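Overview (structure and organization)
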There are 2 protein chains.
Amino acid sequence: MAVDFQLAPKRKRAAGERCCEPVVYPDVQRDEAARMAEVAKALGDPIRLALVDVLRKHAGKVCVCELVPLFDVSQPTLSHHLKKLRDAGVVDSERRGLWAYYYVIPHALQELSAWLT
Amino acid sequence: MAVDFQLAPKRKRAAGERCCEPVVYPDVQRDEAARMAEVAKALGDPIRLALVDVLRKHAGKVCVCELVPLFDVSQPTLSHHLKKLRDAGVVDSERRGLWAYYYVIPHALQELSAWLT
DNA sequence: GCTGGAAATCGACAGCCATCGATATACATA
DNA sequence: TATGTATATCGATGGCTGTCGATTTCCAGC
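Throughout what follows, the structure given in this document is the object of discussion. Sequence positions are assigned chain by chain, starting from 1 and proceeding in written order. For this description, chains carry letters from A and ligands carry numbers from 1, given in the order in which they are written. Where local features are concerned, this predicted model is filtered to residues with pLDDT of at least 70; where side-chain atom pairs are given and counted, the filter is 80 or more; whole-chain, interface and lining totals use all residues.

Notes on the protein's contact with DNA strand D
Near DNA strand D, the surroundings consist of 25 residues, among which Ser 74, Pro 76 and Thr 77 of chain A together with Cys 65 and Pro 76 of chain B are the closest. Secondary structure elements are defined from DSSP: runs of H or I of at least 4 residues count as helices, runs of E of at least 2 residues count as strands, and each element is numbered from the N terminus. Among the elements of the structure, helix 4 (75–87) of chain A together with helix 3 (64–67), helix 4 (75–87) and strand 3 (99–104) of chain B are those that each provide at least two residues to the surface near DNA strand D. Class assignment of the residues belonging to the surface near DNA strand D gives a composition of 14 nonpolar, eight polar and three charged. Whether a residue is near a molecule or strand depends on its C-beta atom, placed from the backbone, lying within 6 Å of it. Three categories are distinguished: nonpolar for Ala, Val, Leu, Ile, Met, Phe, Trp, Tyr, Cys and Pro, charged for Asp, Glu, Lys and Arg, and polar for the others, with Gly belonging to the last.

Let's talk about the protein's contact with DNA strand C
Within the structure, DNA strand C sits among 27 residues, and Cys 65 and Pro 76 of chain A together with Pro 76, Thr 77 and Gly 97 of chain B are positioned closest to it. For the surface near DNA strand C, the secondary-structure elements that each account for two or more residues are helix 3 (64–67), helix 4 and strand 3 (99–104) of chain A together with helix 4 of chain B. Element by element, the count of residues in the surface near DNA strand C is highest for helix 4 of chain A, at six residues.

Digging into the pairing of strand 3 of chain B
Residues and elements named next belong to chain B. Each pair of strands is called paired provided DSSP finds at least two bridges between the two strands. Note: strand 1 (residues 62–63) against strand 3, two bridges, orientation antiparallel. Counted as the bridge partner of Cys 63 is Tyr 101 from strand 3. The pairing of strand 2 (residues 91–96) with strand 3 spans six bridges and is antiparallel. In the strand pairing of strand 3, Glu 94 is matched with Tyr 101. Connecting strand 2 to the antiparallel partner strand 3 that follows it, the hairpin turn spans two residues, and Gly 97 within it adopts a positive phi of roughly 65°.

A look at helix 4 of chain A
Residues and elements named next belong to chain A. In this model helix 4 runs 18 Å from its N-terminal to its C-terminal C-alpha over 13 residues, within 8% of the 18 Å that 1.5 Å per residue would give. Exposure classes come from backbone-placed C-beta atoms, where a residue is buried if 20 or more other C-beta atoms lie within 10 Å of its own, exposed if 12 or fewer do, and partly exposed in between. By the burial criterion, the buried members of helix 4 are Leu 78, His 81, Leu 82 and Leu 85. With its buried residues spanning 100° around the axis, helix 4 presents them on a single face. Structural note: helix 4 exposes Pro 76, Lys 83 and Asp 87 on the side pointing more than 90 degrees away from its buried face. A helix's residues, less one, multiplied by 1.5 Å, set its expected span. Relevant arc is that of directions from the helix axis to the C-beta atoms, nothing else.

Right, here's the structure in full:
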């Protein structure tokens, strides 16, 4: 995760000089921005975005063995992408025997979605 | 940009066997994923996400000199983030004299927003 | 036990990213 | 022309990312 930003004091400006209407600090709090940016970052790869798309369209849980052949990357690489999505809190997984099933965590995308709307 | 993903046959074919036409992801979907991932990646940094938040809340155009003091990063770093957002097609800028004004491109976030909904 | 398959992890590598200070560019004003 | 200011670009740096092949872990079935 990138370095967190902070509020800094406004710089002084010559009296009466004005380039535009004053701005106020973003409504989004820092931790909100950090959370949403984390989710956005997880979606910021075409493979991961398509993975989430597949998982969302399957209301249930999808076996990794069904996901791997859909993409032109190796199994370890896909596993890496799934881990990124898990670390970002977008998906979760469940093991049944040899197989692992992934699914989108309900409401994981809700905050970002609401902000974008 | 990361390596573009491809779609492969859904099932591994046995040697020489020909069971069916491979299932192919529509190209539209791949392009969509690439475009949306690019936008998501641009939003995948807390500073850039907060920048977009500020610009969106101000329906007009905001001077860079108002943005810089809001964040605890140097002016070159903020300029770099603004350039990232510009390259991703999220914002655009306009120069008036010494000052540069940034604004969110209308509907730039629409596709991603609709997909997330 | 042993063998085989599914998935995760490891180790390495090239490329990208966020950040800074220094510098360049462009414009305004004296 | 000379000076100052706003913004962009440059160059360097440490850290992160996506990718792979090889390996490991875990489980099922023999």
